[in-house]
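Chain residues, written in single-letter form:
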Amino acid sequence: MSKQSNNPTERQAEGYDIPAVESWIEQNISGLLPPFEWKRLEGGHSNLTYLLSDKNNKKVVIRRPPKGTLLPKAHDMSREWALISCLGPTGFPVPKAFSICHNMDITGAIFYVMGFSDGRALTSAQETSEWVPLDRREILANSFIDTLADLHALDPDEIGLGSLSKKEDYIGRQVKSWYGSWLSSIEPAKYDDPRAHELKEYIIENAPAQGTARVVHGDYGFHNCLVGAESTISAVLDWEISTLGDPLADLAYTLKSWPETVEDIAASPAAPTSAGGFPARSSLASRYAERTKLRINKLDFYIGFNHWKSAAIVHGVYARYLEGKKSSKGIDLDELRARITMSLDAAVAAIDRYKTDTTF
């Protein structure tokens, strides 16, 4: 993106009234001197995220929801703000929370300002190869899983997040939500699969008892982390779907696509974890268990649940494309439909492993 002018009459930022926002920042955050240079940061679930640099080159990040009508609970800036502002004082790696604006008159939406964190998110094997030396990828993997374990070690009540959501029956809550999405998407998607219903019944009937509720990120992966120059996690981002629930389900979401074998790598060669030099999924799971003292012997159940959930999510996205609610320009709809089937295949395989495991 080209450098933008600092002349307020020329600068533009989608979703932001720049003069009004800069005036608000000047009044509410000390140490920043507008006018700012505004640079769009891509990614982040389409939230409108910009890097702001002041005349002293001090950098912060501003974030607000997309424009237009949003689904209930989608793009929840207040939730993200609560999480980073409560996690930061614990030493957990999140950007510094500066201030949040609930006044919709400023720029038409709630927005917040957080610190800028150095590092790079990894979304492909090529990006991993470019950013992380081969001899430091095990260090990165250990930092990655240790960071998740450290999140799950925090007591939500003690850090001010005890009222973030319900704590009980995380699996049940998730199944109710995503099965409803599957059912409502069948007609517009013109696609159903009996396994979606069979798996739903099995998951509800066989869900392990939930232990102590913890903060679950919900989408923890290299794409939502910043990897610093030392090949460790410098910050965890995108907390908008985080809630309270079962940490083992969160672990399984993170590890469900992490390769265990060379065959797994060959099946997803472009994935950021397919660049080589990383420990296997089972190694990370064991490290997590050692750090948290949680039993992971039922991990395959949670992996199966998460693959089922992924199928429901993609099913809903596919339905919205076919309904014309989202532009399908440049979207391979056949590939998207195939991902639904692949996720259900993976869910069945994980549940079958769980059924035949005699170690518990």
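> What is the right way to look at the overall build of the chain in this model?
Helix and strand content of the chain: twelve helices and nine strands. Taking 21 Å as the expected radius of gyration for a compact globule of 360 residues, we find that the chain reaches 21 Å, a close match to that expectation. By its C-alpha atoms, the chain is 65 × 45 × 40 Å across when sized along the principal axes. Looking at the chain residue by residue over its 360 residues, the buried ones come to 49%. For the chain, the proportion of contacts with a sequence separation of at least 24, taken over those separated by at least 6, is 69%. When the accessible surface of the chain is split by element, carbon and sulfur atoms take 50% of a total near 17,300 Å². Between the averaged position of the 40 positive side-chain charges in the chain and that of its 47 negative side-chain charges there is a distance of 2 Å.

> Even after reading the chapter, I still don't get the nonpolar core, so can you show me in this structure?
Nonpolar side chains tend toward joint burial in soluble globular proteins. Of all hydrophobic cores here, the largest spans 77 residues; its most connected members are Leu87, Trp239 and Trp308. The element best represented in this core is helix α11 (residues 299-323), accounting for 13 residues. Once residues within four sequence positions are removed from consideration, Trp239 is found in contact with Arg79, Glu80, Leu83, Ile84, Leu87, Phe92, Val94, Leu151, Val215 and His217. Core analysis: the next-biggest nonpolar cluster, separate from the first, contains 19 residues, Ala13, Ile29, Leu32 and Tyr50 among them.

> I keep staring at the sheet that holds strand β5 (residues 111-115) and nothing clicks. Help me out?
The pairing of strands in a sheet happens through backbone hydrogen bonds and is either parallel or antiparallel. One open sheet accounts for five strands, arranged β1-β2-β3-β5-β4; its pairing is antiparallel. With one partner strand each, in any of the chains shown, β1 (37-41) and β4 (97-101) form the two edges of the open sheet. When the angles between neighbouring strand axes are averaged without regard to direction, this sheet yields 25°. Relative to β5, strand β3 (residues 59-64) runs antiparallel, the two being bridged by four bridges. The residue of β5 that forms the bridge with Arg63 is Tyr112. Lying on the sheet, helix α2 (residues 77-87) is in contact with β3, β4 and β5; it crosses β4 at an angle near 155°.

> How should I be thinking about the packing of aromatic side chains in this particular structure?
Aromatic ring pairs are described here by two measures, namely the spacing of the ring centres and the angle between the planes. Counting across every chain of the model gives 15 aromatic pairs. Between the aromatic rings of Trp81 and Tyr112, the centroid separation amounts to 5.9 Å while the plane-to-plane angle is 55°, which identifies the pairing as tilted. Residue Trp81 is located in helix α2, and its partner Tyr112 is located in strand β5; the two are separated by 31 residues in the primary sequence. Given a relative accessible area of 17%, Trp81 falls into the buried group. Aromatic side chains Phe144 and Phe222 sit 4.6 Å apart centroid to centroid with 55° between the ring planes, which places their arrangement in the tilted category. A residue pair is termed long-range when its members are at least 10 positions apart, and Phe144 in helix α5 (residues 137-153) and Phe222 in the loop between β6 (214-216) and β7 (225-227) qualify at 78 residues. Within the aromatic cluster, the residues linked to one another by ring pairs are Phe144, Tyr220, Phe222, Trp258 and Phe278. Its end group placed over the ring of Tyr202, Lys355 keeps NZ or CZ at 4.7 Å from the ring centre.

> So what exactly am I meant to see when it comes to the confidence of the model for the chain here?
Per-residue pLDDT for the chain averages 92, and the proportion of residues at 70 or more is 93%. Counting interchain partners and residues more than four positions distant, the pLDDT-below-50 stretch residues 1-9 has 14 contacts.

> Where do I start with empty space enclosed by the protein in this structure?
One water molecule sets the probe size; rolling that probe over the atoms shows where empty space is left. Considering all chains together, one arrives at one cavity of 30 Å³ or more under this definition. Looking at the largest cavity, its volume works out to about 40 Å³. Surrounding the largest cavity, Tyr170, Gly218, Ala249, Asp250, Tyr253, Phe305, Asn306 and Lys309 form its lining. If you list the elements that add at least two residues to the lining of the largest cavity, you get α8 (247-255) and α11. Taken together, the residues of the lining of the largest cavity break down into four nonpolar, two polar and two charged.

> I keep staring at the pairing of β3 and nothing clicks. Help me out?
On a regular strand, each side chain points to the face opposite its neighbour's, so the side chains alternate between the two faces of the sheet. In terms of residue burial, β3 counts as a mostly covered element, since five of its six residues are buried. Counted along the chain from strand β2 (residues 48-53) to the antiparallel partner β3, the turn is five residues long, and its residue Asn57 has a positive phi close to 65°.

> When you look at α8 in this model, what are you seeing that I'm missing?
An α-helix turns once per 3.6 residues; consequently, residues spaced three or four apart project the same way. For α8, the buried fraction is high: eight of the nine residues fall into the buried class. If you check which residues of α8 are buried, you get Pro247, Leu248, Ala249, Asp250, Leu251, Ala252, Thr254 and Leu255. For α8, the elements touching its buried residues are α5, α6 (170-189), β6, β9 (243-245), α10 (281-292) and α11. The backbone nitrogen of Leu248 lies 2.9 Å from a side-chain oxygen of the residue at the head of α8, namely Asp246.

> What am I meant to see in the state of the cysteines here?
The term disulfide refers to a covalent linkage connecting the sulfur atoms of a pair of cysteines. This structure, assessed with the given rule, holds zero disulfides. Here Cys101 stays free of any disulfide, with the sulfur of Cys86 as its closest cysteine sulfur at 19 Å. Cys225 takes part in no disulfide bond, and the closest cysteine sulfur, belonging to Cys86, lies 19 Å away. According to the relative accessible area criterion, Cys225 is buried, its value standing at 0%.

Basis of the calculations
- Residues numbered from 1 in each chain as written.
- Predicted model: local features only at pLDDT ≥ 70, side-chain atom pairs only at ≥ 80, totals over all residues.
- Heavy atoms only, no water.
- Helix = DSSP H or I, 4+ residues; strand = E, 2+ residues; numbered from the N terminus.
- Rg over C-alpha atoms; globule rule 2.2 N^0.38 Å.
- Buried < 20%, exposed > 50% of the residue type's maximum accessible area, 1.4 Å probe, protein only.
- Contact = heavy atoms within 4.5 Å.
- Areas by Shrake-Rupley, 256 points an atom, 1.4 Å probe, with all protein chains shown as cover.
- Lys, Arg positive; Asp, Glu negative; His and termini not counted.
- Charge placed at Lys NZ, Arg CZ, Asp CG, Glu CD.
- Core = buried A, V, L, I, M, F, W, Y, C linked by side-chain atoms within 4.5 Å.
- Pairing = 2+ DSSP bridges.
- Axes fitted to C-alpha atoms, helices over the stretch in contact; angles between N-to-C directions.
- Phe/Tyr/Trp six-rings, centres within 6.5 Å; stacked < 30°, edge-to-face > 60°.
- Lys NZ or Arg CZ within 6 Å of the ring centre and 35° of its normal.
- pLDDT = per-residue confidence, 0-100.
- 1 Å grid on protein atoms, 1.4 Å probe; cavity = no way out; pocket = protein on both sides within 12 Å on 5 of 7 lines; lining within 4 Å.
- Points joined across faces, edges and corners; volume = space filled by probe spheres on them.
- Nonpolar A, V, L, I, M, F, W, Y, C, P; charged D, E, K, R; others polar.
- Polar contact = N/O pair within 3.5 Å; in protein donor to acceptor, adjacent residues only side chain to side chain.
- Disulfide = S-S within 2.5 Å.

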